[in-house]
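Single-letter residue listing:
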Amino acid sequence: VCFVFKVMCMGAAANPNKERDFDGRVCLKRVSQQHAAAQASRNSRFSVDANVNECLTRGAWREIVDLNCSCGENIESTASTCDLSEFVANRSCLCHVTCSGNNFQNKKHVNLTTDVMMDASGTRTDQDGVQHQMTLDDVKICAMTKKGDACEKDCSCDSDFMMKWMSEVGRAL
């Protein structure tokens with residue numbers, strides 16, 4: 001299943017303006033508000049390309065992995081192969097799920113450090129409390145959002161939003 005991201009943009013077209021780095025074709029402003037992330041999170045949004053996200057989430061990145069390289073080197077090669085932005089590549093990590101607590105019912109995501117070699121990535125504990133040697137199938141790739149990171153949140157394109165951004169669009173044109 002492939003989901004397409006829907007984003008509302010406000011746009012305008014005008015003559016080129018070199019001072020504002022505007023080439024004259026169109027000026028677009030995403031209808032969103034920036035806010036700080038309230039908590040750290042993992043997600044699978046690596047790219048604006050839904051096919052890249054689907055492939056990475058499905059595990060196609062495992063075909064790129066070299067077990068003789070570190071996690072960090074494998075993230076770099078995956079980012080390069082999938083043409084991920086530097087921002088996303090720097091926030092990508094490999095992680096696995098292990099169980100802990102009473103009756104091993106608490107699932108915990110554990111990030112693999114970038115210097116760990118893929119062939120020596122350790123063990124994981126299943127829900128029955130049994131430890132298993134981790135395999136590549138136990139590992140997934142995710143993009144981290146740190147607490148306090150700037151995030152975009154879609155908002156309504158109401159008159160308040162329009163009034164706030166029209167002057168900026170006007171200056172860009």
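Not measured: the values here are computed from a predicted model. Position numbers for residues start from 1 in each chain and track the written sequence from start to end. A pLDDT threshold of at least 70 governs which residues receive local features in this predicted model, and a stricter bar of 80 or more applies before side-chain atom pairs are shown or counted, although totals over entire chains, interfaces and linings include all residues. In computing side-chain properties, one takes all heavy atoms of the structure into account and sets aside hydrogens as well as water.

Quick word on the nonpolar core
Step number 1: Counting 17 residues, the largest nonpolar core has Phe46, Leu56, Trp61, Leu84 and Leu94 as the members making the most contacts within it.
Step number 2: Discounting residues that sit within four places of it in the chain, leucine 56 has contacts with Phe46, Trp61, Thr78, Cys82, Leu84 and Ile141.
Step number 3: Of all hydrophobic cores here, the second largest spans 7 residues; its members include Met10, Phe161, Trp165 and Val169. Buried residues of nine kinds, namely Ala, Val, Leu, Ile, Met, Phe, Trp, Tyr and Cys, make up a nonpolar core once their side-chain atoms join them within 4.5 Å. For every residue, the accessible area obtained with a 1.4 Å probe (protein chains only) is divided by the maximum for its type, and the residue is called buried under 20%, exposed over 50%, and partly exposed between those limits. What makes two residues a contact is simply this: any of their non-hydrogen atoms within 4.5 Å.

Details of helix 2 (residues 71-81)
Step number 1: Starting at the N terminus, helices and strands are each numbered in turn, a helix being any DSSP run of H or I of at least four residues and a strand any DSSP run of E of at least two. Among the residues of helix 2, Cys71, Gly72, Asn74, Ile75, Thr78 and Ala79 are the ones counted as buried. Take helix 2 and look down its axis: the buried residues cluster within an arc of 160°, on one side only. Away from its buried face, by an angle of more than 90 degrees, helix 2 presents the exposed residues Glu76, Ser80 and Thr81.
Step number 2: The secondary structure elements touched by the buried residues of helix 2 are helix 1 (50-58), helix 3 (86-91), strand 5 (92-100) and strand 9 (139-145). What the arc describes is the spread of directions from the helix axis to the C-beta atoms.

Description of the state of the cysteines
Step number 1: Any two cysteine sulfur atoms within 2.5 Å of one another count as a disulfide. Within the structure shown, the criterion is met by 0 disulfides.
Step number 2: In this structure cysteine 55 is not part of a disulfide, and its nearest cysteine sulfur, from cysteine 82, lies 7.5 Å away.

Comments concerning the sheet that holds strand 6 (residues 106-111)
Step number 1: Whether two strands pair depends on DSSP finding at least two bridges between them. Spatially, 4-9-5-6 is the arrangement adopted by the 4 strands of the open sheet, whose pairing is antiparallel. The strands lining the two open edges of the sheet, one partner per strand, are strand 4 (41-43) and strand 6. Geometrically, the sheet is characterised by an average inter-axis angle of 50° between neighbouring strands, direction not taken into account.
Step number 2: Here 5 bridges tie strand 5 to strand 9, and the two strands are oriented antiparallel to one another. Counterpart to cysteine 93 in the pairing with strand 9 is cysteine 142. For helices, the axis comes from a line fit to the C-alpha atoms of the stretch in contact; other axes are also lines fit to C-alpha atoms, and the angle between any two N-to-C directions lies between 0 and 180 degrees.

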